[in-house]
Each structure stands twice: as C-alpha cells, then as structure tokens.
Amino acid sequence: MSFVQNFPFFSIIIAMFSGIVSAVISGKKARNLSIFAIGVTTCMSAAVLAYTWKTGESYTYMMGHFPAPWGNEIRAGVLEGLTALMFGVVMLLSVMGGLDHTEKDVEGSKLNLFYIMIDLMLSSLLALVYTNDLFTAYVFVEINTIAGCGLIMIRQWGRSLSAAIRYMVMSSLGSGLFLIGLSLLYDVTGQLLMIPAKEAVAQLAATDAYVIPMLVILAVISVGLAIKSGLYPFHYWIPDTYAYATPAASAVLSGLVSKGYIFLLIKILYRVMSPEHLMESYTLDVLYWFGIAGMMMGSIHAIQEKDTGRMIAYSSVAQIGYIYMGIGLGTQAGTTAAIFHIFSHGATKALLFISAVGLYEASGGERDYLSLRGAGYRNPLAAIGFTVGAMSMVGFPMLSGFISKLLFATSAFENTGKLLPTLIALAISTTLNAVYFLRLVISLYRPEKRKVDEVHRDSWNLRLAVVCFILLNLVLGLFSQPIVRAIGQGLIMFS
Amino acid sequence: MYDSLMTAVVLLPIIFGFLLLIFNNPIRSGHHERTMEIVTECLVLVNSLMVAALIISTGGRSGNLVLFRLYGQLTVMFKLDLMGSVFAGLVSFLWPLATLYSFEYMKNESRRPMFFAFYTMTYGVTLGVALAGNLITMYLFYEMLTFVTLPLVLYPMTREAARASRQYLYYSIGGAAFAFIGLVFVLSYSAIGTTEFVAGGMLNPELAGQHKNLLLLVYVLAFFGFGVKAAIFPFHDWLPKASVAPTPVTALLHAVAVVKSGAFAVLRFTYFIYGTSFLRGTWAQWAAMTAALVTITFGSTMAVKEIHLKRRLAYSTVSNLSYILFGASIMTPLGLIGALTHLVAHAFMKICAFFCAGAIMHQTEKTYIHQLDGLGRKMPVTFTCFLMSGLSLMGIPLFAGFISKWNLIQAALSWGGDAVAAGIPGGFIPYVGVGVILYSALMTGIYMLTVAIRAFFPAVGAALSSGSAVSAGAVSSSGSTVSAGAVSSSGNAASAGAAQSSGTSVRTEGEEREASDPSWLMLVPLVIFVIMIFVIGLHPEPLLKILEMIGGEAG
C-alpha cells in the first residue's frame, strides 16, 4: 500500500482537527491555521489525483482494517481526487478573497468560530467526496448543514439570521428525508456500505422484490438532496443565504456546498442504485425536467432582482438546474458534463461573488443595481473580474462556461428524446443569463453623474483571488480536455 | 509565411487596442492624442496592406493554420479562401478610410483613446470572422465581435445609448445562443469530424438523410441566430436603435463590419456547412427566403416612414442586408454570387450614405430630414455623394447597386423557373422575391431621393415658414447676424415639435459657423467611396470573375 493512499483520510482528519484546535486559539491564528489546512489538503488531493491517475483505478481504504460489513470505508479514484482538488482550490481562493470582509463582518471575539466553521465545512465536503459509506455520508451531511448555518449566521445581522433560520429549516428537511431514505435502504438491504448495498439492490432488482420500497427510497433520497442543493422549486432558501452571508461564506456556500450534495447524489445514483431501478422509476426524468425548470425560473427571478447579491444567488439556482439537467440525461456524457459544470460553476460563481465585493466597496457599500453604476471606473480589477465571470456565464468561448455548455449540448445527442429540449433550454437560458449579467456589466461601465472619486484599491488578497479565479476560468476554458478526460476516466472507475 | 501574416492581421489590431486601453490615461493627460491618431492610422494602414499582401501572395487560397485547440475536435483555425478574401479585402479597404474620417468626426469628443481602441480591435475581430477556417472559429469571433463593439454603441453614455447597447447585447447573445445549436449539430453530423468549411457542404449525407427534418429545423434556428446580426425581421430592432452610436460606428460597423459578419456567417453556414444540395427545395429554404423577403419589405417601408436621417439609413440597411440573405436563401451558385455582389456593393453605398449623414451632423448638428432643406447648396460635395449613393441603392444602371440587384434578380428567376418546372411546392416564392426587390427599389427611391431633393431644392413657400428658413436666409446672403439670429429662433419655434429644445444653442452656433463641406479628412473617404461605386458599376468584371469562381465551387 502506498503512503499516498492515506491522504484522503488524512485530509479529512486534518481539516477536522484544525477546526477543533481553532476553538482554543485566537482568531488570527485560527485564520492562518485554516488557510494552512486548506492548502495542505488541496496538495494532498492533488497527490491522490496523480496517484489514481497513474494507477488507473480507484482503491478502497478500510478504516482500521476492518473489512466490509463492520468497517468504514473511503474510496478514492480520479474523480474523487479531482473534485477534492477543485473544491480545495475554490475554497482557498474564496477564503483569501473574503479575508478583510470576514474580519469586518465578524465580531473579533468570534473570528475563530468562523474559521472553525470553514474547517468543518472543508472536512465534511471532503468526506462527502471520499466516503464509501452511506451513514458516514449522512453524518457529514449534518456537519455540513451545521457548518453552513454557522457561516451564514456569524455575520450577526437581521437578514443573515433569518436567512440562516430558513437555511436550517430547509436543510434539516432535506437531511431528514435523506435519513429516511437511508434507513429504508438499510431495512431492505441490510447494508450501509455502498458496494455491498449495490449488490443487494441488484439482487432485489433481479428478483423483482421490493419494487415500491426501492422507488420510495430513490424518491426520498433524491428529493432530500435536491432540497439541500437548492434545485428548483426548493430554492427559496438560496437567495437570502447567499446574498446576506459574508462574502467568503457566500462564495463557499454557492460554489461548493450545494455541489457537495450533488456529488453525493451522483454517487448514490451510480454506486448504489441499480440501472434498472433508475430507469423504471423515472427519477432521472424528473430531475431532468426540474433542472430545466430551474434553469428558466432561476434566470427569470434573477432578472427581476435589483440587489446584486441576490441576483447572483438566483443565477445559482439556474446553474444548479444545468447540473441536474446533465444528471437527468442519464448518460455518462451527461454526468460528465454535470460534473464539469460543478467545477466551472464553482470557479465562476465564486469569482462573481468575490469581485462583486470589490464593486460594493467602491460604491460605498451599496449593492443594488443603480448604485453600482460606474463602479467599473472606481474599481477596474473587480469590474474586469465580474465581466469575465459574466461572460463565462453566457458561454463566451475560451472561458469555462462555454465548455460546460458544449458538453451539455453534445451529451444530449446520446439521448434522442431529450435532445431538442436540452438544446433549446440551453439557448434560452443563455439569453436570459445575458440579460441580467450583462445588463449589470453595462451599468458598471456607465459613468455616473457625480464625480468619480479616487480609484478604489482593494487589499492585495482580494485582488490576488480575483486574478486567480480569472486564470482558473481560463484554464477550465482552454485546457478542458484533460480535465474532461479525467472526469470520464473517474466515472468509469466510479461505480 | 502566410501563417504569421494571417495571425498578425487578426492579432495586431486587437493587441494594439488593448495597449491603447491600458495607456488610456497617460495619453489623455499628456496631450499625446495627435500622436495616438497618427499611430492608429499607420497601424490600420499597415494592417490593410498586410491583408492585401496576404490575399495577393496566396491568391486567395491558403492552407490551414491551427492556432490552438479549444476542446476535442474544436480547433481555432484560420484558412483563407476566396469568399473570405472578398470579405477581408472589403473590410481592409474600408477601415483606413473610416479611421481617417473618424479622427475628424470625433475631434471634439472626450474619451477618444477608448473609442479608437475598440474601433481598432473590431478591425481585427472582423478579419477573424473573414479568415475563420471552421465554424467554431467563426463562432468565437462572432461572439467577440459583440463584446468588442458594445463599448462603441455605449460610447455616448446617454440613457438612450445604454438602452440601445443592452438591446444589441441581448439580441446578439441570444442569436449566438441559437447559432450554437447549429454548431453542436454540425459537430455531430459532420462528415469529416470537424467543423471545417468545405465548399458545397460537409454534412454526412447518410446520417443527415436520416434526420432530415430535424436538421432543417436546426438550419432555420441557426439562420435566424446568425441572422440576428444581419438584422432579420423580427430581430431587426437593435439596428435602428444602435444608430445612437457615433457615425463612424454606425457607418462602418452597423452598415458593414458587424452586420455583414452576420450575413457572411449565414452564407458560410448555408454554402459551406450544410451545402445547398441538402437544403434546396426544402421548407427550410422557403422559411429562410420568406423571412428575408419580409425583412426587405418591412425595412424599406419603415425607412420611408422614419424622419431621423441616421435611423432612416439604418432601416435601409435592414432591408439591404436581407437582399444578401435573400441571395443566400436562393441556394444556387447564382444566388451566392448575387449575395456577395450585394455584400460588396452595399458596403460602399451605405458607408458613403452614412458618412454623408455624419458630415451633416458634424457640420450643422442637424439630424432630422426636415431640417436639411437647402443644405445641399452649402455642402455640395457631401450631398452629391449622398445623391450618388442613393441612386446606387435604388439600382440605377451605371451604379454598383444595379449590378448586385441584377445578379440577385437573375438568380431568383433562374431558380424560381427550375423550382416551378420541377414542381417543388413553394417555387413561386423566388418570383415574389423579384416583385419585392422592385417594390423595395421604389421605396429606396423615395427615402433616399427625398433627402437629396429637399437639400438641393427647398420648397420655396414652405421653406420660409419652416425650420429651413435659416438656410434660405443664409443663401440670400442678407448676412447680418441679427437677421440670422432672428430667423433661426423663428425656425426653432416652427420646428419645436420635432427638434429637441436643448439643441437650440448648439444649432445656432453651427449656423453662425456657416454650414459648409467638412474638411478633407472627411471628404476624401466620401469621394473614394463614390468612385468605387462607379468603378463597380461600370467595370464589374474582375469582381464578378472572382465571385463566379466562388459560386462555381460552393454552389
């Protein structure tokens, strides 16, 4: 056994322990520790990725060498390594970009709490990515929920408190449904580890037993995770949550948290459920159509929104819709597209949130559409970042959004029944994206009547984060081929 | 050799534009604007010469030059072919002249480095469209064109400009989004696995035959998608609105570069991707043709109705662009020839007309047609040029417009005859097209010549009581400032309904300055364009020979 194989476990534990240690140290130290932990785990994820890419297969890592029915398992392949790497990078940049705001928004004595939440969030995300055990997944889903709540709430402001409560309620509902699904599955199959569960499920499918319970399980788990990831029509918690949290939290929540659940859902659909059940239950079709509905409605809501933060948040609803549409296509290409979009949206949305912060700063803290007028001259770099993000969202070639769009469109060809709806939905949604994002971009570059005061300069870390995100977007847009190939490879060794 | 040349002509203006943007502030603060102008003009000229060298040295046909790989089979690739050469040559002929013109036009504006930065970048991007060797490259530059020209539409920074630029953006991105569907389909049904342009089409005939109706639907979607930039009805509205932009932009971009990139894309998509044999005689052809004919009728009718000079010309562009699309939708070699002839001829005619309108605005601040009475005698060269371009747009023999309309009508009749003989349903539509072209010629006569007639022969009785009294007074050379002031104020009162009251003082100033022909920077391009109109009208053979070669290959 290679030493690298320990890294998935190490990275979860490092993140978790740095959270625990942060409880007793000062805010500044907690911040440094947190950034250090994210950096280390990101490097470890990269190592895992390189290792699995080299060996060409995924491996199962038994915790404490207890074999299947009793022990707890981690499983790492190319896809897991890649996802963990992307999550780490986005997280690092988001935390860096929002650094000053975090210090401003969060009370000094509670600063270490914020970083505890960040650490826990990282650890739970990594666990969701790596775990091969359904119950462990549930545990980390709950940790994730609590960490998410903490991240929203820590900015002690009326709106963020109400947003946190809403998030708590919706998320708990989702986790509850997920838990019910799990216990039913455990009831029916007697397994919680994914691979043995899959065998049991396949046996059931072969004998045509427990058809209805399996259907219920699928439905309950899918709905539970859909609520938690904010699929339309369960999106009501999204706008406030993303818009009123402190910027670093917004970027992490929108870029990563809902993606973690989606990754878990993909994992359950392909690693636990049998293809027969999937097809018969029409789960994928349901997800597909709700995804398309989300693409449209999210954008329409975003068009009506005046507040920039809420607008970007509603755009997330639309993007989540894209991802579910990809999953709903039910082909490997569709899932590949969905996963690529997880990455591309993570990079783009975090960029938008972080650069929007720079624009608010330059506009006296105001964040509505009208106040941001002319902000492009007051804070050029942030405006460029926002423009790049917006262009990526409308699928400008050479940026990551274009590749996502292309992958979704080409993958639709394998599923003839959904070909035209997918393509038309993509076209309409692109146009809608253009309406609200580029409207704001134009407004950014319209000079104001009042005299432009000093050009606003953000702190170096925010500028660095914006530049890195722009580069990340370009990398995803120009050198996507190896990434997509890796995703495809990973999916093959996934189930 | 041609490799580096092809990359250079596209990248040089783009990089130069970026540099101008970066050094925007030093230029303004250091009064280096004159230097900037000279450098810009030299760069544009050099670029045009390089394009010329490229076309001549390769004979209009170059090998493939793969720049980089976007994804999978999607490579960004340049390849010069004859059709691309025609477009690239046209653009590179017009650009230096238009740049020259804009120095004078933009003399008193602020933020000029920014203007010239984007103006020059557009040059490179348009050449990118012309040189694109496959659909994805063209799509890339097509999208880029939207973003590069957006700041130019937004340039006046007024509320109206913001609204116009938003609309332009929504329409263009939306159009590109639907064209994207075409791109994806082409990728899946391609016979060669890539999206490279092949004269005569590159779809896999077997595969395409199985899903013929689906592919035809996609063709129509992409036709309208690319057609948005060519202002096809009902997606034409952005073009008249976009005439709030400074005249050099309206003239070069919204009469040539941008809109013709749209038409060019449609031509590419029809003749080099789908191939005419696949499309001819299908419902998709009739759908495209009908849309083009409706646009011609609509555009020329609206132009007559419009009283704002630049918007009238913009509507005229709407209708004329659909001439090109009509040619494209005939889907025979003759149709392609007709379309390309009009693409070239219309470029000269319309840019000439717009530059005249710009010269009038620049010299007199007048924008409405009823304000132009009698101006022709004070700005003889400008209005003569305008008259020439109007006559040419009508399609009078001797002028370039005649050649292109002749070609289009010929193509329509020959394909209509074939279609009717073969009993294809819808075969009568090309005949309708001929009627529409004649109707549109009549309308063109009305909307172009009324302007010229008003300018040269102001109605005597009406002139004294209407806003044009100023000019009448000036011509009679009573001369004293008192009377000029008095007359102009009465003129304002009379035309207050149409003219903006805020313009009063400016206009008075303009009149005191004595309206006259603009400086040589503006006149030289105008005269050259008129000469070109005559050259094409009287001696079209060289151009037609090239176009026939293209038609022979791609039809």
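Please read all numbers here as calculations on a predicted model, not as lab measurements.

(A) Structural view of the overall build of chain B. Looking only at helices and strands, chain B has 24 helices and 2 strands in total. Scored against the burial criterion, the 555 residues of chain B give a buried share of 64%. Intrachain contacts of chain B at a sequence separation of at least 6 include 80% that bridge at least 24 residues. Working note: accessible area of chain B is about 18300 Å², and carbon and sulfur atoms make up 68% of it.

(B) Structural context of the packing of helix α7 (residues 158-189) of chain A against helix α8 (residues 194-207) of chain A. Residue and element names in this part refer to chain A. Remark: α7 packs on α8, axes separated minimally by 10 Å, with the N-to-C direction vectors making an angle of 70°. Here α7 lies roughly perpendicular to α8, going by the angle between them. Handedness of the crossing formed by α7 with α8: left-handed. Along its contact with α7, which presents Leu185, Val188 and Thr189, the element α8 presents Ala200, Val201 and Leu204. Of the residues that constitute the contact of α7 with α8, the class distribution is 5 nonpolar, 1 polar and no charged.

(C) Layout of the packing of aromatic side chains. Scanning the entire structure with this criterion turns up 54 aromatic pairs over all chains. When the centroid spacing of 6.1 Å and the interplanar angle of 15° are considered together, the rings of Tyr101 of chain B and Tyr105 of chain B count as stacked. Of this pair, Tyr101 of chain B and Tyr105 of chain B both sit in helix α4 (residues 82-105), separated by 4 residues, roughly a single helical turn. On the numbers, 6.1 Å between centres and 20° between planes, the contact of Tyr219 of chain B with Phe269 of chain B is stacked. Of the two residues, Tyr219 of chain B sits in helix α9 (residues 212-227) while Phe269 of chain B sits in helix α11 (residues 247-274), which places them 50 residues apart along the sequence. Per residue, the accessibility class of Tyr219 of chain B equals that of Phe269 of chain B, and both read buried. The rings of Tyr142, Tyr219, Phe223, Phe224, Phe226, Phe235, Phe269, Tyr274 and Phe278 of chain B are connected pair by pair, giving a single aromatic cluster. Over the ring of Tyr288 of chain A we find Lys418 of chain A; its NZ or CZ atom is 4.8 Å from the centre of that ring.

(D) Inspection of the side chain of Ser229 of chain A at higher detail. Residue and element names in this part refer to chain A. Along the chain, Ser229 turns up in helix α9 (residues 211-229). From its side chain, Ser229 meets the backbone oxygen of Leu225 in a polar contact 2.8 Å long. Those residues in contact with Ser229, other than ones at most four positions away along the chain, are Trp237, Ile238, Ser258, Tyr261, Ile262, Ile320 and Tyr324.

(E) Main features of the pattern of salt bridges. Residue and element names in this part refer to chain A. As enumerated under the stated definition, the model contains 15 salt bridges over all chains in all. The partner of Arg367 in a salt bridge is Asp307, with the nearest N and O atoms 3.3 Å apart. With a gap of 60 residues between them, Arg367 in the loop between α15 (332-362) and α16 (375-378) and Asp307 in the loop between α13 (283-304) and α14 (308-328) connect regions that are remote in the sequence. Both residues of the pair, Arg367 and Asp307, belong to the buried class.

(F) Spatial organisation of the domain arrangement of chain B. Residue and element names in this part refer to chain B. As far as domains go, chain B holds domain 1 (1-177 + 238-270) and domain 2 (280-555). Facing the 34 residues of domain 1 at the interface are 40 residues of domain 2. Put simply, domain 1 and domain 2 have 0 salt bridges between them. Our count for the domain 1 to domain 2 interface comes out at 10 residue pairs in polar contact (both at pLDDT 80 or more). Put simply, the parts of the chain that give the side of domain 1 that touches domain 2 at least two residues each are α4, α10 (238-241) and α11. Per-element tally for the side of domain 1 that touches domain 2: the top contributor is α11, with 14 residues. A class-by-class count of the residues in the side of domain 1 that touches domain 2 yields 25 nonpolar, 5 polar and 4 charged.

(G) Highlighting the nonpolar core. If you look at the biggest cluster of nonpolar residues, it comprises 392 residues, and the most contacted ones within it are Ile327 and Phe386 of chain A together with Tyr219, Leu267, Tyr274 and Phe326 of chain B. Tallying contributions element by element places helix α15 (residues 333-364) of chain B first for this core, with 20 residues. Counting contributing residues per domain, this core is built from domain 1 (1-177 + 238-270) and domain 2 (280-555) of chain B, each supplying no fewer than three. Not counting the four nearest positions on each side in its chain, Leu267 of chain B is found in contact with Met83, Phe272, Ile324, Ala328, Leu336, Ala339, Leu340 and Leu343 of chain B.

(H) Spatial organisation of the interface of chain B and chain A. In this assembly, 37 residues from chain B lie in contact with 37 residues from chain A. At the boundary of chain B with chain A, total buried surface from both sides reaches about 3100 Å², with 82% on carbon and sulfur atoms. Where chain B touches chain A, the interface holds 0 salt bridges. Our count for the chain B to chain A interface comes out at 1 residue pair in polar contact (both at pLDDT 80 or more). Only β1 (65-71), α6 (135-154), α7 (159-189) and α9 of chain B provide two or more residues apiece to the side of chain B that touches chain A. The biggest single contributor to the side of chain B that touches chain A is α7 of chain B, with 18 residues. Among the residues making up the side of chain B that touches chain A, the classes are represented as 28 nonpolar, 5 polar and 4 charged.

(I) The environment of Ser123 of chain A, seen in detail. Residues and elements named next belong to chain A. By the secondary structure assignment, Ser123 is in helix α5 (residues 111-130). Distance from Ser123 to Ser11, taken between C-alpha atoms, is 7.5 Å for residues 112 residues apart in sequence. Leave out the neighbours within four places in its chain, and Ser123 touches Ile12, Ala15, Met16 and Phe140.

(J) The arrangement of a nonpolar patch on the surface in detail. Residue and element names in this part refer to chain A. Together, Ile180, Leu184, Val211, Ile212 and Val216 make up a nonpolar patch on the protein surface, roughly 390 Å² of accessible area in all. Of all the elements in the fold, those that place two or more residues in the nonpolar patch are α7 and α9. A total of 3 residues in the nonpolar patch trace back to one element, the largest contributor, which is α9. Assignment of secondary structure puts Val211 in helix α9. Judged by its relative accessible area of 36%, Val211 is partly exposed.

(K) Quick peek at helix α23 (residues 520-538) of chain B. In this model, α23 of chain B (19 residues) spans 26 Å end to end at C-alpha, consistent with the 27 Å of a helix rising 1.5 Å per residue. Here α23 of chain B has its buried residues at Leu521, Met522, Leu523, Pro525, Leu526, Phe529, Val530, Ile533, Ile536 and Gly537 of chain B.

(L) Structural context of the pairing of strand β1 (residues 59-62) of chain A. Residue and element names in this part refer to chain A. Judged by which residues are buried, β1 turns out to be one-sided: Tyr59 and Tyr61 face inward and are buried, whereas Thr60 and Met62, on the alternate face, are not. Here β1 pairs with strand β2 (residues 73-76) via 4 bridges, running antiparallel. Opposite Tyr61, over in β2, you have Ile74 as the bridge partner.

(M) Seen up close, unusual backbone geometry. Here the bond from Tyr232 of chain A into Pro233 of chain A is cis, since omega is 5°, no more than 30 degrees from zero. Locating Pro233 of chain A in the fold gives a position in the loop between α9 and α10 (238-244). At Glu365 of chain B, a residue that is not glycine, the phi angle is positive and equals roughly 65°. On the secondary structure map, Glu365 of chain B appears in the loop between α15 and α16 (380-394).

(N) Layout of helix α14 (residues 309-330) of chain B. Residue and element names in this part refer to chain B. For α14, which comprises 22 residues, the first-to-last C-alpha distance of 32 Å matches the rise-based estimate of 32 Å (1.5 Å per residue) to within 8%. Burial analysis of α14 places 21 of its 22 residues in the buried class, which makes it a mostly covered element. Following α14 by one or two positions, Met331 adopts a phi angle in the positive range, close to 60°.

(O) Up close: the environment of Thr410 of chain A. On the secondary structure map, Thr410 of chain A appears in helix α18 (residues 400-411). Taking the C-alpha atoms as reference points, Thr410 of chain A and Leu423 of chain A, 13 residues apart in sequence, are found 9.1 Å from one another. Here Thr410 of chain A is in contact with Val184 and Leu187 of chain B, once residues within four sequence places are set aside.

(P) Representation of the side chain of Arg112 of chain B. Residue and element names in this part refer to chain B. Mapped onto the secondary structure, Arg112 falls in helix α5 (residues 112-131). The exposure class assigned to Arg112 is buried, which follows from its relative accessible area of 7%. Those residues in contact with Arg112 that lie beyond four places of it in its chain are Glu33, Glu37, Phe103, Met106, Lys107 and Tyr155.

The rules behind each value
Residues numbered from 1 in each chain as written. Chains lettered and ligands numbered in written order. Predicted model: local features only at pLDDT ≥ 70, side-chain atom pairs only at ≥ 80, totals over all residues. Heavy atoms only, no water. Helix = DSSP H or I, 4+ residues; strand = E, 2+ residues; numbered from the N terminus. Buried < 20%, exposed > 50% of the residue type's maximum accessible area, 1.4 Å probe, protein only. Contact = heavy atoms within 4.5 Å. Areas by Shrake-Rupley, 256 points an atom, 1.4 Å probe, with all protein chains shown as cover. Axes fitted to C-alpha atoms, helices over the stretch in contact; angles between N-to-C directions. Parallel < 35°, antiparallel > 145°, perpendicular 65-115°, else oblique. Left-handed = near helix turned anticlockwise from the far one by under 90°. Nonpolar A, V, L, I, M, F, W, Y, C, P; charged D, E, K, R; others polar. Phe/Tyr/Trp six-rings, centres within 6.5 Å; stacked < 30°, edge-to-face > 60°. Lys NZ or Arg CZ within 6 Å of the ring centre and 35° of its normal. Polar contact = N/O pair within 3.5 Å; in protein donor to acceptor, adjacent residues only side chain to side chain. Salt bridge = Lys/Arg side-chain N within 4 Å of Asp/Glu carboxyl O. Domains from an automatic or database assignment. Core = buried A, V, L, I, M, F, W, Y, C linked by side-chain atoms within 4.5 Å. Buried area = accessible area lost by both parts, 1.4 Å probe. Patch = residues over 30% accessible without salt bridge, like charges linked within 9 Å, V, L, I, M, F, W, Y side chains within 5 Å. Expected span 1.5 Å × (residues − 1). Pairing = 2+ DSSP bridges.

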